[in-house]
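The lines below spell out each chain.
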Amino acid sequence: MQLPPRPRSICSSAWQGVFAAHFGLFSESLNRSWDSNTRKWVWTGGFEYSTSLAAMLKCAKKGCRWCRFLVYYFPSEFARSSVFRRKSPLSRVNIRIGSPARLPPYLTMIVNECERSFDIWTTEDNPAAIWIHGRLRIPHVGDPRVLALAKACIKQCVCDHERCRMIAPPGPASLPSRLIDCSNLFCLRILETDSTMCSGRYIALSYVWGDDQPYRTTKDNLASYTKHGVDYSTLSQTVRDAIRVTRALGVQYLWLDSLCIIQDSQEDKHRELARMRDVYRHAYLTIDAASAGSVNEGFLQDRRPLDPEHTLPFVCPRDSTRPLSEGIAPTGEIYLTHEATMDLQTHAEMHGKLPQSYTARRAWCLQEALLSTRSLVFTSETLQLRCHSQTQNVGGASHNPEFDLPRLPDAVFHPDKRITPGSDEWRYARESWCKIVEDYSSRSLSYPSDKLIAFAGLAELYACALCSDYLAGLWRSTLLFDLLWQRRPGSSTLRCAGYRAPSWSWACIDGPMTFFTHHLRTNTQALAEVVECEVTLQNENLPYGPIDGGSLILRATCLRHRRRAGADGSYRSFRQIAIVMEPSEGGRAQPTSVDSESEANLESHVFYAPNELSATTHFDCEEEDITLPEMWIVPLMVFDGWQVIGIAVTRADGDAWRGALAQPGDCATRGRAVYRRVGFCGIQHPHYSVLNSYPRVEIELV
């Protein structure tokens, strides 16, 4: 097949090489492997060629769009790299280009050791459209034609996605207690469902309040809203947009919290919050108003169009179904955008690093997204459909699945199926739980007291699969492991004002945290055991909701220590505290000396450790805990036969830490000291078995 005439804007070597090879898109997929000898990544597949830096610069200066493209991205992005700074202009430049182990429209280029990925798309009427499937992102998200495309994508998910069908709730969807009837804009009645209307199709809304909503359901206006309806013009813009989308998708009913929950009734709130899991789980679709920072902003505004950064000719491969004109391959056009411009921005929005994705920063919205069968996401850039099978941009624009929200394992959607502890399925469920909690901990709450209730729907879903009691964010069956959480390195955290959770639960702090999850992949040995653990619920109808108190009794070694100061006399060093255990006579454990009989009852179980032991502590709340006068280390687990992990504790002064469990003289009557957790620690010692020489005693954590 003959190449078409070369455009003047492309140099001869590029046209006969990379353009004739279709950018390596249809060659073997790009793959990367680690070479232990050279200690470098080695790439295979795609299309490879080499040139000199001088030749590339010369062609770029003459106007070759391809050489300009390379010079623009690689020398400017890696100006300090050895590829272009330390070698002479005559040195060779090796270029490999193609698609990774994923289909186009992604194009990856490796110039020597520098890697860049690009989004590639074309228009529907372009000759290249049959081979290049990527399209431009749709900016007009409220256009009726775009909503019709979204409706077609939803229908395809319902009919064709096997995984979505398998984990969907069985039978007809049960309805929430109230719904908004959107069939008549002039009479938006609140419908109270009953036994005569127990199933049907409805849409739920996930959004950020941001501002107050004066027109919301209360005990005084419920009867009026039910009989006469709500005036459409008085509703906030986000609610009006949700009603508009609901009608465009051909669905009659809409659920949203401000109108379907009686806002001034604690009884109704508790009842509806207990059903929150089912509200989003059974919804036909969830509208995710990700771009709206407040309820008054709305989410159907036109987005900023994305202009292509580079336009290049594309030599179309031969298609046996279409005759060639005089044996010459047709030429189309493709458009390239650096993947960092599109996907990294989307990734940052999803994780709350940019203000445009407001629902990704709101704690309540996490379970609303993960529990929903499918969500229509109005991002700040375009419109997406996210379901349990995939995330796609409506209209065909490319989307990098690496940046998707985590999906829940299939097992949690089948409560009748029990997971065998220790199995691969169990480890996957545990790992997904840890990742979801970590994501949740970085999100914000308007009311910090909602920390547990805003996560209750997900906890209830996992409880059925893991078959374990839920204890303020932790699981009874894996309690020792669940205690191994820590503040995310480099982040700032605060303890909640007032009682919300026991100190041993991640729910007691505000700020991002992370789990120590090595136990999911390594050999472990327990150095402590759980004697007893209890929590007191605020409301028995909310078993996964807020609590009034919690207590944990461990049988473990409790080692008192002194802190080792740095060279400047400060204990602060890289947000960690190095500690050294007090020495004892002959390396044997000695009881701590005490001054009174009452103190002896409380402290006689604390022992000094030999000075060969040391530990590093990561404080849960550094600003609060770094000046503590005394602390103790409680080893909990050893991993791979050498890595000892535990928690740091201090004395719990007063009854504030005990919550509703506090009783006068409780500590003395139980004959044990009461502590609270202040950090996560690791003990460095070549022979951790030395810890077995110290008695294990009961301590209580609140």
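Owing to the predicted nature of the structure, the values given are computational and were not obtained by experimental measurement. (Residues numbered from 1 in each chain as written. Predicted model: local features only at pLDDT ≥ 70, side-chain atom pairs only at ≥ 80, totals over all residues. Heavy atoms only, no water.)

Enquirer: Tell me about the confidence of the model for the protein, and name the residues and values.
Expert: Interpretation of this model should avoid reading the predicted coordinates in detail wherever pLDDT is low. On average, residues of the protein score 81 in pLDDT, and 80% of them are at 70 or above. The low-confidence segment residues 568-611 (pLDDT under 50) makes 108 contacts with residues lying over four places distant or belonging to another chain. Low pLDDT, under 50, characterises residues 660-669; the predicted model gives this stretch 13 contacts beyond four residues in sequence or across chains. (pLDDT = per-residue confidence, 0-100. Contact = heavy atoms within 4.5 Å.)

Enquirer: Give a detailed account of helix α14 (residues 456-466), specifying residues and quantitative values.
Expert: Counting buried residues in α14 gives nine out of 11 residues, a clear majority hidden from the surface. Here the buried face of α14 lies against α10 (276-281), α12 (363-371), α13 (424-441), β17 (470-471) and β18 (474-475). Positioned one or two residues after α14, C467 has a phi angle of 50°, which is positive. (Buried < 20%, exposed > 50% of the residue type's maximum accessible area, 1.4 Å probe, protein only. Helix = DSSP H or I, 4+ residues; strand = E, 2+ residues; numbered from the N terminus.)

Enquirer: Hey, could you go over the sheet that holds strand β6 (residues 114-121) for me, with residue numbers and the actual values?
Expert: One open sheet accounts for six strands, arranged β3-β4-β5-β6-β13-β12; its pairing is antiparallel. Across the chains shown, the open sheet's two edge strands, defined by having one partner strand only, are β3 (47-52) and β12 (310-315). Each neighbouring strand pair of the sheet contributes to a mean axis angle of 30°, computed without reference to strand direction. Relative to strand β5 (residues 106-111), strand β4 (residues 92-98) runs antiparallel, the two being bridged by four bridges. Considered in β5, the bridge of I95 is made with V111. Relative to the sheet, helix α2 (residues 53-62) contacts β3 and β4, its axis offset from that of β3 by approximately 90°. (Pairing = 2+ DSSP bridges. Axes fitted to C-alpha atoms, helices over the stretch in contact; angles between N-to-C directions.)

Enquirer: Which residues make up the nonpolar core, and what are the values?
Expert: Judged by nonpolar contacts, the single largest core of 129 residues is most densely connected at W255, F378, F455, W506 and L636. Tallying contributions element by element places α14 first for this core, with eight residues. Not counting residues within four places of it along the chain, the set of residues in contact with W255 comprises P176, R178, L179, Y202, I203, A204, L205, C260, I261, M276, V279 and Y280. Membership of the second largest hydrophobic core comes to 37 residues, among which are A14, C67, Y73 and I120. (Core = buried A, V, L, I, M, F, W, Y, C linked by side-chain atoms within 4.5 Å.)

Enquirer: Can you explain the packing of aromatic side chains? Please cite residues and give values.
Expert: Taken as a whole and judged by the stated rule, the model has 27 aromatic pairs. Here W34 and W41 contribute two aromatic rings whose centre-to-centre distance is 5.2 Å and whose plane-to-plane angle is 70°, an arrangement assigned as edge-to-face. For W34, a relative accessible area of 43% puts it in the partly exposed group. On the basis of relative accessible area, W41 is assigned to the partly exposed category, the value being 45%. (Phe/Tyr/Trp six-rings, centres within 6.5 Å; stacked < 30°, edge-to-face > 60°.)

Enquirer: Residues and numbers for the pairing of β6, please.
Expert: Most of β6 is tucked away: seven of the eight residues are buried. Note: β5 against β6, six bridges, orientation antiparallel. Opposite L107, over in β6, you have F118 as the bridge partner. Sheet analysis places β6 next to strand β13 (residues 331-338), joined by four bridges and oriented antiparallel. Note on β13: the bridge partner recorded for D119 is T337.

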